[in-house]
Amino acid sequence: MSTHGTSAQGAYSIKPTKSDPYQYQVGFGNRFASEAIPGTLPIAQNHPQKAKYDLYTEGINGTPFVTPRKENQSCWVYRIRPSVAHKGFSPLPENPDLESCFLPLNPKIHLSPTQLAWHPFDIPSDNTKTDFISGLKTIAGNGEPTLREGLAVHIYAANVSMSGENRAFCNGDGDFLILPQQGRLDIQTELGKLMVRPGELVVIQRGIKFKVDLPDGPSRGYILEIFGAHYELPELGPLGTHGLANVRDFESPVASFDIDQSPWEVVYKVGGKLFACHQEHTPFDVVAWWGNYVPYKYAMEKFAHVGSINKDHMDPSVFCVLTAKSKTPGAPLADFLIFNGRWDVATGTFRPPFYHRNCATEMMGLIYGNYGGRSDEFAPGGFSYENGFCPHGVSYDEFKNATEAELAPMRVHEGTLAFMFETSMQVTLTDYAMKRTGKLHEHEPKMWDNLKGQFVNHIDKVNADLQAAGLAPLGVRGRV
């Protein structure tokens with residue numbers, strides 16, 4: 001009898017399912033290689049004199065050439081027609097709800113010292129045909145894309161697919177982190193296809209062409225765009241090798257191409273302005289590719305939570321899925337955090353988020369479920385904003401319950417997925433957010449009215465304790 005068992009027939013991959021018909025490679029930051037037709041990739045070189053099948057070789061660089069190797073991101077693609085085969089660019093009409101300059105000199109941006117919130121944003125009516133591009137609306141941001149540092153927070157709300165229009169999008173300003181809240185997104189990129197449902201995130205890097213179809217009908221969601229950086233996994237420090245968002249749970253597409261020589265429009269976003277580029281062929285004609293500048297998605301239910309297992313809170317950074325560096329060491333440009341079902345077991349501890357004032361700006365949204373302890377009717381599809389050092393925390397009722405309840409191990413945020421965009425930067429708000437949504441409201445400060453100074457009810461006990469310690473009672477200077 002042979003001692004040989006069996007051998008894998010290929011690398012591990014995620015297979016298609018009924019709700020997601022696409023195949024994926026797994027890993028984060030990997031240098032993948034993928035061929036829709038076996039044998040297409042050139043052997044031991046990137047740009048042969050003549051590529052197989054007379055394909056065109058095209059390089060895509062997501063970082064400068066001399067960026068250190070561990071941070072360098074690029075991709076080689078082998079396509080039916082190169083991107084240079086187009087008929088030129090022309091400016092498109094301005095989208096008044098799309099903003100890119102968040103500097104105070106822009107009269108269309110605003111500052112707010114207080115907490116703000118928005119009820120769920122509207123989805124376009126059937127009378128208005130709105131695709132992903134025309135459904136982009138900016139809520140807030142920092143910096144400006146030509147400065148190569150900053151961010152923008154958008155929402156999208158769309159009711160038609162881009163396929164029927166032969167329309168694609170290329171963001172020349174930054175990386176998109178997209179969170180569908182209602183309806184799946186069927187996304188085709190130059191490097192392959194991704195089906196993204198509510199509960200998953202997808203990152204599409206700067207310069208990668210893509211289109212968005214709506215298999216479930218009208219869709220709504222959130223976007224965090226970053227300028228001048230790329231998303232990374234947070235360092236784990238003493239946690240060790242594993243935990244939080246594990247590397248193996250990220251999924252990237254495999255090569256997939258169309259043969260289509262019909263007219264297409266590729267919309268480019270450059271400096272926040274939109275331009276149309278027309279061409280006589282599909283932008284989705286990459287037969288093979290290799291590299292690490294590749295879109296990816298992640299199912300947030302896979303997040304491996306860590307936290308205190310005896311007392312007190314860990315800092316909320318333990319909920320970080322992805323981060324992006326700023327130019328200031330130790331100060332992130334953006335952190336993306338999630339809050340979903342987990343155990344809370346801390347003993348002798350005030351378990352809800354403690355009252356605090358944070359140097360960071362915090363912006364929250366809700367994908368599904370109920371995120372308690374708030375007075376702002378925080379609902380899926382809505383949004384909230386808290387500027388740096390704006391005091392915030394749970395309502396009085398939540399505080400009272402948390403200080404009096406009998407503590408036992410319990411599940412929290414079950415059936416809920418909330419998220420936070422957090423940044424060390426000063427964030428400004430757009431005209432659209434402050435004037436045109438019809439959904440804006442301030443947090444109701446009366447939720448904290450009953451947080452009275454209970455200390456004064458204990459003056460007699462305080463004075464007795466002071467006397468026992470040889471100190472003067474309250475209101476009297478010096479020692480007894």
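Scroll up to find the structure this text is about.
Residues numbered from 1 in each chain as written. Predicted model: local features only at pLDDT ≥ 70, side-chain atom pairs only at ≥ 80, totals over all residues. Heavy atoms only, no water.

### Points about the nonpolar core
Item 1. Counting residues in each nonpolar core, the largest one holds 46 residues, and the members touching the most others are I139, L179, L201, L322, F336, F383 and F421.
Item 2. Looking at which element gives the most residues to this core, the answer is strand β24 (residues 332-344), with 4 residues.
Item 3. Residues within four places of F383 in sequence aside, it is in contact with A117, W118, F121, I139, V153, Y222, M363, M364, G365, F378, F419 and F421. (Core = buried A, V, L, I, M, F, W, Y, C linked by side-chain atoms within 4.5 Å. Buried < 20%, exposed > 50% of the residue type's maximum accessible area, 1.4 Å probe, protein only. Helix = DSSP H or I, 4+ residues; strand = E, 2+ residues; numbered from the N terminus. Contact = heavy atoms within 4.5 Å.)

### Points about the side chain of N292
Item 1. Inspection of the secondary structure assignment puts N292 in the loop between β21 (286-291) and β22 (296-299).
Item 2. Overall, the relative accessible area of 12% leaves N292 in the buried class.
Item 3. Polar side-chain contacts of N292 include one of 3.0 Å to the backbone oxygen of N72.
Item 4. There is a polar contact of 2.9 Å between the side chain of N292 and the backbone nitrogen of S74. (Polar contact = N/O pair within 3.5 Å; in protein donor to acceptor, adjacent residues only side chain to side chain.)

### Overview of the sheet that holds strand β5 (residues 74-79)
Item 1. Taking strand neighbours across the sheet as the criterion, the 4 strands line up as β3-β21-β5-β4 in an open arrangement whose pairing is antiparallel. Of all the strands in the sheet, the pair left with one neighbour each is β3 (32-35) and β4 (56-61). Taken pair by pair, the neighbouring strands of this sheet meet at an average axis angle of 20°, ignoring direction. (Pairing = 2+ DSSP bridges. Axes fitted to C-alpha atoms, helices over the stretch in contact; angles between N-to-C directions.)

### Remarks on helix α3 (residues 459-468)
Item 1. Among the residues making up α3, those that are buried are V462, N463 and L466. One side of α3 carries all its buried residues, which in axial view fall inside an arc of 95°. Across α3 from its buried face, at more than 90 degrees, point the exposed residues D460, K461, Q467 and A468.
Item 2. Looking at the residues trailing α3, positive phi occurs at G470, about 75°. (Arc of directions from axis to C-beta.)

### Description of the pattern of salt bridges
Item 1. Summed over all chains, the structure comprises 25 salt bridges.
Item 2. Put simply, E301 and R197 hold a salt bridge, and the shortest N to O gap is 3.1 Å. Here the residue E301 occupies a position in the loop between β22 and β23 (320-325), and R197 occupies one in the loop between β14 (192-196) and β15 (200-204), the gap between them amounting to 104 residues.
Item 3. Of the residues examined, E301 reaches a relative accessible area of 38% and is grouped as partly exposed.
Item 4. Judged by relative accessible area, R197 falls into the partly exposed class, the value being 30%.
Item 5. With its nearest N and O atoms 2.8 Å apart, the salt bridge here joins D465 to K461. Note that D465 and K461 are positioned in helix α3 at a spacing of 4 residues, about one turn of the helix.
Item 6. Salt bridges sharing common partners tie together E58, R79, E190 and D285. (Salt bridge = Lys/Arg side-chain N within 4 Å of Asp/Glu carboxyl O.)

### Description of the pairing of strand β12 (residues 175-182)
Item 1. Across the 8 residues of β12, 7 count as buried, placing the element largely inside the fold.
Item 2. In the sheet, β12 pairs with strand β17 (residues 219-227) via 7 bridges, with the strands oriented antiparallel. Looking at the pairing, Q182 lines up with R220 of β17.

### So, the pairing of strand β11 (residues 167-171)
Item 1. Most of β11 sits out of view: 5 of its 5 residues are buried.
Item 2. Note: β11 against strand β19 (residues 264-270), 5 bridges, orientation parallel. When the sheet's bridge partners are listed, C170 is paired in β19 with Y268.
Item 3. Examined bridge by bridge, β11 and strand β16 (residues 209-213) share 2 bridges and lie antiparallel to one another. What sits directly across from F169, in β16, is F210.

### Topic: the packing of aromatic side chains
Item 1. The full count for this structure, using the stated rule, is 23 aromatic pairs.
Item 2. Measuring from centroid to centroid gives 6.5 Å for F383 and F421, while their planes differ by 50°, and the two rings are tilted. Pair noted here: F383 is in strand β26 (residues 383-386) and F421 is in strand β27 (residues 410-423), with a separation of 38 residues, a long-range link.
Item 3. Its relative accessible area of 1% is what places F383 among the buried residues.
Item 4. Taken together through their ring pairs, the aromatic side chains of W118, Y222, F336, F383, F419 and F421 make up a single cluster. (Phe/Tyr/Trp six-rings, centres within 6.5 Å; stacked < 30°, edge-to-face > 60°.)

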